[in-house]
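Observations on the three-dimensional arrangement
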Amino acid sequence: MDFITYIIDFILHIDQHLVEIINNFGIWTYIILFLIVFIETGLVVFPFLPGDSLLFAAGALSVLDGSILHIVPLIITLWLAAVIGDTVNYHIGKKIGTSIPEDSWFGKLINKEKMEKAEAFFNKHGGKTIFIARFMPFIRTFAPFVAGASRMNYRYFLNYNILGATVWVLLCTLAGYFFGNFPIVKDNFSLVVIGIIVVSVIPMVVSFIKSKMDKKSAE
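Here, residues in each chain are numbered from 1, in the same order as that chain's written sequence. Whole-chain, interface and lining totals are the exception, using all residues; otherwise, since this is a predicted model, local features are given only for residues with pLDDT of at least 70 and side-chain atom pairs are given and counted only at 80 or more. Note that water and hydrogens are dropped before the side-chain values are worked out from all heavy atoms of the structure.

An unreviewed UniProt entry lists the protein under the name Cytochrome O ubiquinol oxidase, from Listeria welshimeri. UniProt positions are given in the numbering used here, feature names are shortened, and annotations may be inferred rather than shown by experiment. Per UniProt, the protein has the following entry under Sequence similarities (unreviewed entry): "Belongs to the DedA family." Regarding the protein, the UniProt comment filed under Subcellular location (unreviewed entry) reads as follows: "Cell membrane".

Below is the structure:
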């Protein structure tokens, strides 16, 4: 419970925690940021780590005079972490996805029947799915794993992995770079983070409502 509380506090006050990391670790902050984004996108058991808010806060701090963070190397670092993370996640899914016991909680999500449906879905809509998932917390972590487990064409996956990572990193980091230090944003950063999270889950909510409406129509 304390760990969950800490994670929530870390996400909501990411700017303050990032300042502490910069003060304590200096240039090694780039490595820490790389690892956080890599783990959040690359390891399916860590979907709760900050993504959008971390990019936004890092972009905002890169503007400050004397900051160890600079926008160009920051973008390159985060982009590499995002692309490599999804790639690793895809290959983990491809390697162990079909060997997960079907009676486990995770196995129920990706059993053989659902895997076949997922494979057909990804092959038909995969690019759009991988791209949109970049902007959806939790879904961002699971999408590449399921893509790998369902044997989605790797070249097709990689193209949209790179495209999604590019747009995601540029959009979130540059938003922080240009708007993160406005007084109204700095004074209400927790609200900004909550707003980022809400906006991030809108595609998931819209998709859920649409699927429910389609199901009702079919019935």
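**Examining helix α3 (residues 29-42)**
For α3, spanning 14 residues, the distance from its first C-alpha to its last is 19 Å, which sits close to the expected 20 Å at 1.5 Å a residue. For every residue, the accessible area (1.4 Å probe, protein chains only) is compared with the maximum for its type, and the residue is labelled buried under 20%, exposed over 50%, or partly exposed between those bounds. Numbering of helices and strands starts at the N terminus; helices are DSSP runs of H or I of at least 4 residues and strands are runs of E of at least 2. Considered for burial, the residues of α3 that qualify are Thr29, Tyr30, Leu33, Ile36, Val37, Phe38, Glu40, Thr41 and Gly42. To estimate how far a helix should reach, multiply one less than its number of residues by 1.5 Å.

**Considerations on the nonpolar core**
By convention a nonpolar core is built from buried Ala, Val, Leu, Ile, Met, Phe, Trp, Tyr and Cys residues, the set being connected through side-chain atoms within 4.5 Å. The biggest cluster of nonpolar side chains holds 26 residues, and the ones touching the most others in it are Leu18, Leu33, Val37, Leu69, Leu74 and Trp168. Every element with two or more residues in this core is listed here: α2 (14-25), α3, α4 (52-61), α5 (71-96) and α9 (154-179). For this analysis, residues touch if any pair of their heavy atoms sits within 4.5 Å. The residues touching Leu18, leaving out its near neighbours within four places in the chain, are Leu33, Leu54, Ala57, Ala58 and Leu61. By size, the runner-up hydrophobic cluster in this structure holds seven residues, among which are Tyr90, Ile130, Ala133 and Ala147.

**Quick notes on the pattern of salt bridges**
When the charged atoms of two side chains with opposite charge come close together, those side chains can pair. Within this document, salt bridges are pairs made up of a side-chain nitrogen of Lys or Arg and a carboxyl oxygen of Asp or Glu, the two lying within 4 Å of each other. A full pass over the atoms with the stated rule returns one salt bridge. Here Arg134 ties to Asp86 by a salt bridge, and the two come within 3.3 Å at their closest N and O atoms. Of the two residues, Arg134 sits in the loop between α7 (112-133) and α8 (139-149) while Asp86 sits in helix α5, which places them 48 residues apart along the sequence. Across the pair, Asp86 and Arg134 agree in class, each one buried.

**Some points on the environment of Ile132**
Along the chain, Ile132 falls in helix α7. In this structure, the C-alpha to C-alpha distance between Ile132 and Trp168, residues 36 residues apart in sequence, is 9.5 Å.

**Concerning the packing of α4 against α9**
For any two helices packed against each other, the geometry comes down to the angle between their axes and how far apart the axes lie. One can describe the packing of α4 onto α9 by two numbers: an axis separation of 6 Å at closest approach and a directional angle of 45°. As far as their axial angle goes, α9 and α4 are oblique. Remark: the crossing between α4 and α9 carries right-handed chirality. Contact with α4, carried on its side by Asp52, Leu55, Phe56, Gly59 and Ala60, involves Trp168, Val169, Cys172, Thr173, Ala175, Gly176 and Tyr177 of α9 and no other residues of that element. Any residue outside Ala, Val, Leu, Ile, Met, Phe, Trp, Tyr, Cys, Pro, Asp, Glu, Lys and Arg is labelled polar, Gly included; the first ten of those are nonpolar and the last four are charged. Taken together, the residues of the contact of α4 with α9 break down into eight nonpolar, three polar and one charged. Angles run from 0 to 180 degrees between N-to-C directions of axes, and those axes are lines fitted to C-alpha atoms, restricted for helices to the stretch in contact. Note on terminology: angles under 35 degrees are roughly parallel, angles over 145 are roughly antiparallel, angles of 65 to 115 are roughly perpendicular, and the others are oblique. In this scheme the crossing of two helices becomes right-handed for a clockwise turn of the near helix relative to the far one and left-handed for an anticlockwise turn of less than a right angle.

**Let's talk about the packing of aromatic side chains**
Pairing of aromatic rings covers Phe, Tyr and Trp, the last counted by its six-membered ring, and requires centre-to-centre distances within 6.5 Å; plane angles under 30 degrees mean stacked, over 60 mean edge-to-face, and any other angle means tilted. Under the definition given, this model contains seven aromatic pairs. Between Tyr90 and Tyr154, the aromatic rings sit 5.2 Å apart at their centres with planes inclined by 50°, giving tilted as the arrangement. With Tyr90 in helix α5 and Tyr154 in helix α9, the pair connects residues that are 64 residues apart, well separated along the chain. According to the relative accessible area criterion, Tyr90 is buried, its value standing at 1%. Take Tyr154: its relative accessible area is 29%, and that puts it in the partly exposed class. Aromatic side chains Tyr177 and Phe178 sit 5.1 Å apart centroid to centroid with 90° between the ring planes, which places their arrangement in the edge-to-face category.

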